[in-house]
Amino acid sequence: MKYNFGAGPGILPHEVLKQAAEAVIDFNRTGLSLLEISHRSPEFEAVLDEAVSLVKELFGVPEGYSVLFLQGGASTQFALAPYNLLPEGGKAAYLESGVWANKALKEAKFFGDVEVVATSKESNFTYIPKDYTIPADAAYFHITSNNTIYGTQMQEFPKSPIPLVCDMSSDIFSRTVNVADFGLIYAGAQKNMGPAGVTLVIVKDDLLGKTGRKIPAMLNYQVQIEGGSMYNTPPCFAIYVSMLTLKWLKAKGGVPAIEVENNEKAKALYAEIDINPLFKAVAKDEDRSRMNVCFVAENPEHEKPFLKLCDEKGIVGLKGHRSVGGFRASIYNALPLSSVNVLIDTMQEFAEKNK
Ligand SMILES: *Cc1c(COP(=O)(O)O)cnc(C)c1O
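The present account deals with the structure reproduced in this document. Since we're looking at a predicted model, the values are computed, not measured.

The secondary structure content of the protein chain amounts to 9 helices and 14 strands. Structurally, the protein chain occupies a C-alpha span of about 65 × 55 × 30 Å along its principal axes. Per-residue burial for the protein chain yields a buried fraction of 56% across its 355 residues. Within the protein chain, contacts between residues separated by at least 24 positions form 67% of all contacts whose residues are at least 6 apart in sequence. Surface accessibility of the protein chain: about 15200 Å² in total, with carbon and sulfur atoms responsible for 52%. For the protein chain, the separation between the mean place of its 35 positive charges and that of its 41 negative charges on side chains is 3 Å.

Printed below as a string of structure tokens:
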């Protein structure tokens, strides 16, 4: 038994893994593997339909929005968002709150002007910039709801005069969100929704078709909407496992219920980091992420022995991103409070040994 705090691909519920393993051998007693049936078969169409309706139900997606399951990860959406939403000769606004945000705005520069309204780069992204004006003449304002590498998270979303575009890769389905406040939401699945290989896109239909540019079919949201995410062969297995994870979430009481659990987990872990003399948190208090908890050892020499103790306890995936160092505990939806408590106990044991 391992306690998986990895940042991504992240932990999935054990029962989901078991169901997925079964489906690889014999999918719904068809005598065929899920991996060898047609994506146009009624059996798979039912999977995709259920995945879409679970997203709509669990996230409260209103009328006038489309749900897509695409490939290429969130990184492809960095380009597809401007490709589909930024008119020729137009401008887009970006909040630079981390490396992912930076990569997103770099891609947008291929398609038009980019205005970076604020950045926290000078502090290595330990906080979310807050005092800025969103230019009303831009096509959209791009934000990153949770900065996976630095452990910062937007606690509130900005009131924007222009459509909000949000990279929610690492906190989608972790808390309730008013989808109607957004023009486009996208998320690589492998942090909080399913396995790598599928990317969720939720887009407001009436924003599309206004750029004046020709867009290749696979990269065109409108074509993907018309094809029901099946313009070509979709990532069937990744969609299936995402559907199972969403079903698991629904059975747990949906997003409001998991949000309560996520808050409890984060609260307990930050409380230990704050009280334990050997560790300190990285992110500014008010911006602390409830998904990726980043912290460092007060004494850098404690880093290796602490990771070694964690390893002995079965705690894996705790090493921080190379650009921040220290530790990062990713406490995604599927990670239970009991695992957080194992980490807390280990931190206390380590402090006891190093008094
Ligand atoms: C992981 C991550 C990405 C990159 O996702 P890919 O699916 O690997 O392209 C982008 N944004 C955020 C916030 C992430 O956490």
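Pairing in this open sheet of 7 strands is mixed, and the strands run β2-β10-β9-β8-β5-β3-β4 from one edge to the other. Of all the strands in the sheet, the pair left with one neighbour each is β2 (65-70) and β4 (113-119). Ignoring which end each strand starts from, the neighbouring axes of this sheet average 15° apart. The pairing of strand β9 (residues 184-188) with strand β10 (residues 199-204) spans 5 bridges and is antiparallel. Among the inter-strand pairings, I185 is bridged to a residue of β10, identified as I202. Sheet contacts for helix α3 (residues 73-85): β2, β3 (91-96), β8 (164-167), β9 and β10; angle to β9, the most-contacted strand, approximately 160°. Its contacts with the sheet put helix α4 (residues 99-108) on β3, β4, β5 (141-144), β8 and β9, and the angle it makes with β3 is roughly 165°.

Taken together, the side chains of K103, K106, K109, K121 and R322 make up a positively charged region of the molecular surface. Position of K109 relative to the elements: it lies in the loop between α4 and β4. Relative accessible area serves as the criterion here: at 52%, K109 is assigned to the exposed category.

Below, the discussion takes up the pairing of β8. Side chains L164 and C166 project from β8 onto one buried face, and the interleaved V165 and D167 project onto a second face that is buried too. Of the pairings in the sheet, the one linking β8 to β9 comprises 3 bridges and is parallel in character. Paired with D167 across the bridge in β9 is Y186.

Below, the discussion takes up the sheet that holds strand β11 (residues 279-281). With respect to topology, 3 strands assemble into an open sheet ordered β11-β12-β14, the strand pairing being antiparallel. The open sheet has two edge strands with one neighbour each: β11 and β14 (327-330). Neighbour-to-neighbour, the strand axes of the sheet open up by a mean angle of 35°, direction not taken into account. With 4 bridges connecting them, strand β12 (residues 292-297) and β14 associate as antiparallel partners. Across the sheet, the residue bridging to V293 is A329, located in β14. Packed onto the sheet, helix α7 (residues 254-275) meets β11, β12 and β14 and runs at close to 15° relative to β12.

Cut-offs used in this document
- Residues numbered from 1 in each chain as written.
- Predicted model: local features only at pLDDT ≥ 70, side-chain atom pairs only at ≥ 80, totals over all residues.
- Heavy atoms only, no water.
- Helix = DSSP H or I, 4+ residues; strand = E, 2+ residues; numbered from the N terminus.
- Buried < 20%, exposed > 50% of the residue type's maximum accessible area, 1.4 Å probe, protein only.
- Contact = heavy atoms within 4.5 Å.
- Areas by Shrake-Rupley, 256 points an atom, 1.4 Å probe, with all protein chains shown as cover.
- Lys, Arg positive; Asp, Glu negative; His and termini not counted.
- Charge placed at Lys NZ, Arg CZ, Asp CG, Glu CD.
- Pairing = 2+ DSSP bridges.
- Axes fitted to C-alpha atoms, helices over the stretch in contact; angles between N-to-C directions.
- Patch = residues over 30% accessible without salt bridge, like charges linked within 9 Å, V, L, I, M, F, W, Y side chains within 5 Å.
- Salt bridge = Lys/Arg side-chain N within 4 Å of Asp/Glu carboxyl O.

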